[in-house]
Amino acid sequence: LPTAKYPEIKSLMSPDPRLKWIVCMMVAVQFLAFYLVKDLDWKWVLFWTYAFGSCVNHSMTLAIHEISHNSAFGNTRALWNRWFAIFANLPIGLPYSASFKRYHLDHHRYLGGDGIDVDIPTEFEGWFFCTRFRKFIWIILQPLFYAVRPLVINPKPISRLEIINLVIQLSFNVGLYYLWGAKPLVYMMAGSLLGMGLHPISGHFIAEHYMFLKGHETYSYYGSLNLLTFNVGYHNEHHDFPSVPGRRLPLVKKIAAEYYDDLPQYTSWVKVLYDFIMDDSLSPYSRVKRKLKGEVKQE
């Protein structure tokens, strides 16, 4: 890793002070949107759900990804980050922030680890979603597979924080329905499902670790959608330095340019989705899977 040659990268490993304010603003924007859609015609509810709500909610899942790395309040206030993630989870509608944290750190520690890394599709996904049409359906159903996969591949006992996350989220959803009716609820839930399915931002799910080129497991994307996604496109940099907040990952690339400039990279997440569907050599099986040896320490 480039830290030996570039020790200044270590100075980037501290919380991002702007993150908590950006997240609060995003939550406030969605609360305002809940109020504004409550009296719209259904066709406009669905239009704004896909055109706006899905973008904000997918962006919020990547804010929760940032918070899972303690980027909001730092490692010394780990629990503050967990509670803040539950707050950031509210406008998404599906209680997942507490579970995501537990599984995501395994993904970093044991990338591609068979039976541990739940980012790896199941045998069924690879076997069934092998034609162009089926891959198209698989992309639409991404949120479903991300929800179910941990229960199939690596179920863990439910933690206290996961129960709290569930109770707070369900209470919020019920309260929203009683306050403003069904339309904000549909805007919220459908926005999350559509935003993580067939959506330009969802190209990052495929772009990050699917082997478009043999021998290359992780890919970066340096395009404009990073502005909406907390620089998750800087994915090689993120895996090398998971404790550097997304806002500073472009600095990592700039400091250690010789490590990253010549690696294969994407220019468009939409093209990633298109190529994945149309290239018959690619499927959910196009991932590096490792048999782990020795002691496995999970979250």
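Remember, predicted model here, so these are calculated numbers, not experimental data.

A. Examining the UniProt feature "transmembrane region" (unreviewed entry) in the protein more closely. When the UniProt feature table is mapped onto this chain numbering, "transmembrane region" (unreviewed entry) sits at residues 20-37, 44-63, 83-100, 163-180 and 186-207. Between the C-alpha atoms that bound residues 44-63 there is a distance of 27 Å. The span itself is 100% helix and 0% strand. Helix makes up 100% of residues 163-180 and strand 0%, whereas the separation of the span's terminal C-alpha atoms amounts to 26 Å.

B. Just unusual backbone geometry, in detail. Despite not being glycine, phenylalanine 230 shows a phi value in the positive range, around 55°. Even without being glycine, asparagine 231 reaches a positive phi, approximately 60°. Note that asparagine 231 resides in the loop between β1 (220-221) and α11 (235-240). By relative accessible area, which is 14% here, asparagine 231 ends up buried.

C. Summary view of the packing of aromatic side chains. If you walk through the whole model with that rule in mind, you get 25 aromatic pairs. Between phenylalanine 124 and phenylalanine 129, the aromatic rings sit 6.2 Å apart at their centres with planes inclined by 85°, giving edge-to-face as the arrangement. Judged by its relative accessible area of 44%, phenylalanine 124 is partly exposed. Ring plane angle 75° and centroid distance 5.7 Å describe the contact between tyrosine 210 and phenylalanine 276, whose orientation is recorded as edge-to-face. Here tyrosine 210, found in the loop between α10 (203-209) and β1, pairs with phenylalanine 276, found in helix α14 (residues 269-278); they are 66 residues apart in sequence, far enough to count as distant. According to the relative accessible area criterion, tyrosine 210 is buried, its value standing at 2%. With relative accessibility at 0%, the residue phenylalanine 276 sits in the buried group. Grouped by ring-pair contacts, the aromatic residues Phe124, Trp127, Phe128, Phe129 and Phe145 constitute a single cluster.

D. View of the pattern of salt bridges. A complete count under the given rule lists twelve salt bridges for this structure. Residue glutamate 162 pairs with arginine 102 through a salt bridge whose shortest N-O separation is 2.6 Å. Highlighted residues: glutamate 162 in helix α8 (residues 160-180) and arginine 102 in helix α4 (residues 97-109), separated in sequence by 60 residues. Side by side, glutamate 162 and arginine 102 carry an identical accessibility label, which is buried. In this structure, the salt-bridge partner of aspartate 114 is lysine 291, at a minimum N-O distance of 2.7 Å. Here lysine 291 lies in the segment after α14 and aspartate 114 lies in the loop between α4 and α5 (123-128), a separation of 177 residues in the sequence. Its relative accessible area of 67% is what places lysine 291 among the exposed residues.

Rules used in this analysis
- Residues numbered from 1 in each chain as written.
- Predicted model: local features only at pLDDT ≥ 70, side-chain atom pairs only at ≥ 80, totals over all residues.
- Heavy atoms only, no water.
- UniProt positions renumbered as here; feature names shortened; annotations may be inferred.
- Helix = DSSP H or I, 4+ residues; strand = E, 2+ residues; numbered from the N terminus.
- Buried < 20%, exposed > 50% of the residue type's maximum accessible area, 1.4 Å probe, protein only.
- Phe/Tyr/Trp six-rings, centres within 6.5 Å; stacked < 30°, edge-to-face > 60°.
- Salt bridge = Lys/Arg side-chain N within 4 Å of Asp/Glu carboxyl O.

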